Amino acid sequence: MKTTLYNYRLQLGLLLLLAGLLSLFIYLSPQTFLHRRIYVAFMSTIPFPTLLALGLTLLIVAGEMDLSFPSIMVISGLSFSNVAQATGSPLLGFFAALATGAFAGLCNGLIVVWIGVPAIIATIGTQFFWRGASTLLADGLARNLTNLRDTTFHDILVGRLFDWIPMQTIWCLLVALLFWLLLNRHIFGDDVRFIGDDIGTAKMMGVKTDTVRIALFVIMGLISALASVMVCLEMANWWPTQGEGYLLLVFAAIFLGGTSVFGGQGTIFGTVVGSIIIGILEAGIISAGLSGYWTRLVHGLVIVLSVSLYAMAFSTRRK
Amino acid sequence: MIGKKTGLLMALLAVCMLSSTVLAKDTLQQSGKGIKIWFDTGGPVGETYNTIVQHGAEQAAADLGCDIEFMYSDWSPQKMLENFQKALAAGPDGIVVMGHPGDDAYAPFIKEAVDKGIIVSSSDTELPNLMEKYQASGFGYAGVSNYARGKALATEAVNRFGLKKGDRALVWGLKSQPTRGLSSKALIETLENSGLTVDYMEISPEIDKDASLGTPVITAYLSSNPDCDIVIMDHGALTAQLENFFRAAGIGPDEIIGAGFSLSPATASAIKAGYVDLVGDGQPYLQGYLPVLQIVLTKRFGFSGLEIETGGGFIHTANIDLIAPLAEKAIR
Amino acid sequence: MDTILTAKSLYKSFGSIQALTDINLSIPKGQVVALIGDNGAGKSTIIKILSGVHRPDSGSLWINGNEVNMRSYSVRMARSLGVETVYQERSLGEKQPLWRNVFVGRHLRNALGFIRVKEEKDLTLAMLRNSIGLKGVGISADALVSTLSGGERQGLAISRAMHFNSALTILDEPTTALSVKEVGRVLDFIRSIPDRGNSALFISHNLHHVHEVADMFLFVARGTIAYQCRREEMSVAELFEQLETLSMAPYDHERTVA
């Protein structure tokens, strides 16, 4: 029992942090945090960065990196809105977005794995490329998608279950479950872990490292496309800077969640809880009556403190 | 002997040449022919707002027949200064700047440009000192000063909706930014002078880029302050998301007054749906068109710089049907 | 005599360096063969080719009497043909639990590729109890490799090879970094391999260890097999002498002859 608790100390710590923050917010502004409305708002926005963080967690466990996902979002979202508007079928638009996302991810994968450019450099490049391509193709104009609000596809992806639970939360949880199974219970996840741990070892142990790494970038592309379509539908709008605001939040959520920046280790549960913590902070600060200027400070404080705690916890153990 | 056909052809040619010279004498030339202008649109490539400015400038260049080169500064004052130096090096006839870096930062560069005989004019943000100094050499301004647009929107809102002492307003803006923040400051001051209680929130850099992230924040605010009567977004993209924000916070159309700036397609449909009630329009198209026109006029005829206030436009349920189609094309 | 593995005229170069020249060797079933040679003689390259990590420039490989298609030969394929390698280093994922390390690359899985975790952990536990050098870990299949000592790691890698009961186990310096007692157990294990009808290819600097367990010695010098003999033909002292002679020999055979 004791060892089980010890093994899950990271997860428990995170849950405690989340519970502590929520209690603090409830204490400071009960009129906000004792009502369903704020949680519905959380459930309608937090799933987007969470989805991205889930995809990126797998990449980081494999020792890779992707800075281009905000731009993959914007180009996939553009495919979605163009095809959906042209054919009148958001479903076709969705497939177009997935194809675009997968293609962009494949490009990243090939540049990193075949050509051998380090992922962080390659994806800085592709990030500029796709952002530029989409503004160019859209002539810099936002796309109004209000007419998709009444479609079944909208209701399936971002509708409100029982008239209050945002569907994106359900999808996000399903993806989280799938990724948890992949990382912890599937041979794919096992390959990912060994690649991140030491790619030489993985090769010697017969892991098809190239295939797995390329697949990871493609998965990240698909996830970005999914997130983008959901954001487009939720906001009934596509705009050329879509996704840019997610970059830091997503990284903050992953590392707050306890995934190692060195690869080889990562936690899906941690990423989900990390995303929730990052996602609720600003609302809590605002409703407590503090000005928005506090948000960054608190973000920074929470991240630095928790990451330092991890470092301490792990170094004591490795000794 | 010259063949009959050839003779006819030569005759025709002669008539053509003659008539074209005669016609040219009667027609005025395009005033901007041969004039080269560099234009800093201020924002990033493709942002809604500066695309409208760019469209205005492009139209002016097409109307006047001058050459135009666009620069993009991602709304960064530093980059605007760099772009100015780049333009200076190219030695065009005129340069249009967005005034964000301010008088002092621009002063040495604009002096250099004027000394070289380059006409500089400003758009969007005022540069009062430089204006005073160089107006005679063609330094002009077309735009809405930030303070003026904030004041105008707040005044219009108070009058139009009969806001009174004790009513509560939320202003969500970028007060911490130099110059740009004056708009939020004016909104707050004007509303407070009318006796309203004003809450101010600063837009985080993330929400600045991805308005969707603002949903929990505004929901939290509205839950904590259920007595709020009017929400003013001092930000174009957030204005466009007001409908989504209200929906998420469980607030129906016309329950709370929504106001903001710049008319995007999403804002237009939110006005029709009743979630947004008043939008201040700085008419950015004119801020692109007029500086180009003015530089051409100064270059050709030596006119002094013009100071033009492009603001004062408001969009609401009554006039949205006229303006919405133009917004789709990034003209309004 | 039945052979488990035969290599015929393998050549391998890295850039301008000719690492292996005309390597011919065969490993009989039920025997332990030792590969002996100085540092840089080419021993590691030979085993990397045999185990599917490197591809030779030319030459052929026969496993169990069948020729292997060198173009598709990989670690995965080698293992499926019963050739298992225990490397000196880099054979374990540091941050991974023991059970993942035991089964990496060949997990027990269902049709969808999901790992049968419970079963693997149980097998790992059983393995830990019965094997060499792992007493210090406590008994947890979830312990991370980074918590193991050098000897314990070697033990785990060897246990893994034992578990999969390969037809040919290749051991690259398995006795380095081990305590005296652990060395004894490793040698016992190698000696026990032929009992089950399997073979081993054993690489070591320590000629005492080699002489204790090997049935046959292959001397590698300058990228080729320079000499080979059976155990009965040589004492430990002669092994030393032979190795020294080969190491001192002039670099280019043919040129000196000419």
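Residues numbered from 1 in each chain as written. Chains lettered and ligands numbered in written order. Predicted model: local features only at pLDDT ≥ 70, side-chain atom pairs only at ≥ 80, totals over all residues. Heavy atoms only, no water.

## A look at the overall build of chain C
On a plain count of helices and strands, chain C comes out with 9 helices and 10 strands. Expressed along its principal axes, the backbone C-alpha trace of chain C runs to roughly 65 × 40 × 35 Å. Here chain C, with 258 residues, has 51% of them falling under the buried criterion. (Helix = DSSP H or I, 4+ residues; strand = E, 2+ residues; numbered from the N terminus. Buried < 20%, exposed > 50% of the residue type's maximum accessible area, 1.4 Å probe, protein only.)

## Considerations on the sheet that holds strand β2 (residues 17-28) of chain C
All names here are of chain C. If you walk across this open sheet you meet the 4 strands as β2-β1-β4-β5, and the pairing is antiparallel. Lying at the two open borders of the sheet, with one neighbouring strand each, are β2 and β5 (66-68). This sheet shows a mean twist of 20 degrees between the axes of neighbouring strands, independent of strand direction. Sheet topology note: the strand β1 (residues 3-14)/β2 ladder contains 8 bridges and is antiparallel. Looking at the pairing, Ser13 lines up with Gln18 of β2. In this fold helix α1 (residues 43-50) packs onto β1, β2 and β4 (58-63), with an angle of close to 120 degrees to the strand it touches most, β1. (Pairing = 2+ DSSP bridges. Axes fitted to C-alpha atoms, helices over the stretch in contact; angles between N-to-C directions. Contact = heavy atoms within 4.5 Å.)

## What to know about the sheet that holds strand β2 (residues 67-71) of chain B
All names here are of chain B. Spatially, β2-β1-β3-β4-β5-β11 is the arrangement adopted by the 6 strands of the open sheet, whose pairing is parallel. Of all the strands in the sheet, just β2 and β11 (307-309) have a single pairing partner and so form its edges. Across this sheet, the average inter-strand angle for adjacent strands is 15 degrees, counted without regard to direction.

## Looking at the nonpolar core
One broad trend across soluble globular proteins is that nonpolar side chains are buried collectively. Ranked by size, the top nonpolar core spans 130 residues in total, and within it A:Leu56, A:Phe80, B:Trp172, B:Leu222 and B:Val231 carry the most contacts. With sequence-adjacent residues up to four places away left out, B:Val231 is seen in contact with B:Leu170, B:Ile218, B:Leu222, B:Leu242, B:Phe246, B:Ile256, B:Ile257, B:Gly258 and B:Ala259. Counting 38 residues, the second-largest nonpolar core is a separate cluster that includes B:Phe70, B:Met71, B:Ile95 and B:Phe109. (Core = buried A, V, L, I, M, F, W, Y, C linked by side-chain atoms within 4.5 Å.)

## Comments concerning the interface of chain A and chain C
In this complex, chain A contributes 25 residues to the contact, which on the side of chain C involves 27 residues. At the boundary of chain A with chain C, total buried surface from both sides reaches about 2,500 Å², with 54% on carbon and sulfur atoms. Inspection of the region where chain A meets chain C yields 1 salt bridge. Between chain A and chain C we count 16 residue pairs in polar contact (both at pLDDT 80 or more) in total. Top element by residues in the side of chain A that touches chain C is helix α11 (residues 187-197) of chain A. It accounts for 5 residues. Residue classes in the side of chain A that touches chain C are distributed as 8 nonpolar, 8 polar and 9 charged. (Buried area = accessible area lost by both parts, 1.4 Å probe. Salt bridge = Lys/Arg side-chain N within 4 Å of Asp/Glu carboxyl O. Polar contact = N/O pair within 3.5 Å; in protein donor to acceptor, adjacent residues only side chain to side chain. Nonpolar A, V, L, I, M, F, W, Y, C, P; charged D, E, K, R; others polar.)

## Observations regarding the side chain of A:Thr126
Residue and element names in this part refer to chain A. Note on placement: Thr126 falls in helix α8 (residues 119-138). Of the polar contacts made by the side chain of Thr126, one reaches the side chain of Asn108; its length is 2.8 Å. Ignoring any residue separated from it by four or fewer positions in sequence, one finds Thr126 in contact with Ser68, Asn108 and Ile111.

## Things to note about the packing of aromatic side chains
All told, the structure shown has 16 aromatic pairs over all chains when counted by the stated rule. Between C:Phe219 and C:Tyr227, the aromatic rings sit 5.7 Å apart at their centres with planes inclined by 55 degrees, giving tilted as the arrangement. On the accessibility criterion, C:Phe219 (0% relative accessible area) is buried. Joined through ring pairs, the aromatic side chains of A:Phe25, A:Phe33, A:Tyr39 and A:Phe42 make up one cluster. One cation-aromatic arrangement involves B:Lys175 over B:Tyr200; the distance from NZ or CZ to the ring centre is 4.7 Å. The ring of C:Trp62 is capped by C:Lys8, whose NZ or CZ atom sits 4.5 Å from the centre of that ring. (Phe/Tyr/Trp six-rings, centres within 6.5 Å; stacked < 30°, edge-to-face > 60°. Lys NZ or Arg CZ within 6 Å of the ring centre and 35° of its normal.)

## Regarding the environment of B:Leu64
Residues and elements named next belong to chain B. By the secondary structure assignment, Leu64 is in helix α2 (residues 48-64). When the C-alpha positions of Leu64 and Thr51 are compared, they lie 20 Å apart, and in sequence the two are 13 residues distant. Sequence-distant contacts of Leu64, defined by excluding residues within four places in its chain, comprise Gln30, Ser31, Gly32, Lys33, Val292, Leu293 and Val296.

## Here we look at the confidence of the model for chain A
For chain A, mean pLDDT is 88; residues scoring 70 or higher make up 96% of the total. In the model of chain A, helix α1 (residues 2-7) of chain A stands out as the element of lowest mean pLDDT, 66, in contrast to helix α5 (residues 47-61) of chain A, which has the highest, 95. (pLDDT = per-residue confidence, 0-100.)

## Here we look at the interface of chain B and chain A
Between chain B and chain A, the residue contacts involve 40 residues of the former and 39 residues of the latter. Summing both sides of the interface, chain B and chain A together bury roughly 3,300 Å²; the carbon and sulfur share of this comes to 58%. Summed over the shared surface of chain B and chain A, the result is 2 salt bridges. Taking the shortest distance from any N to any O, the salt bridge between B:Lys209 and A:Glu244 comes out at 3.7 Å. For the interface between chain B and chain A, the tally reads 12 residue pairs in polar contact (both at pLDDT 80 or more). Ranked by the residues each element gives to the side of chain B that touches chain A, the list is headed by helix α9 (residues 215-224) of chain B, at 8 residues. Classifying every residue of the side of chain B that touches chain A by side-chain character gives 16 nonpolar, 15 polar and 9 charged.

## Digging into the pattern of salt bridges
Per the counting criterion, the structure on display carries 26 salt bridges over all chains. Here B:Arg168 and B:Asp227 are joined by a salt bridge, their closest N and O atoms 3.6 Å apart. One end of the pair, B:Arg168, is in strand β6 (residues 168-173); the other, B:Asp227, is in the loop between α9 and β8 (228-233), and 59 residues separate them in sequence. Assessed through its relative accessible area of 18%, B:Arg168 is described here as buried. The structure contains a network of salt bridges with shared partners spanning A:Glu64, A:Asp210 and A:Arg213.

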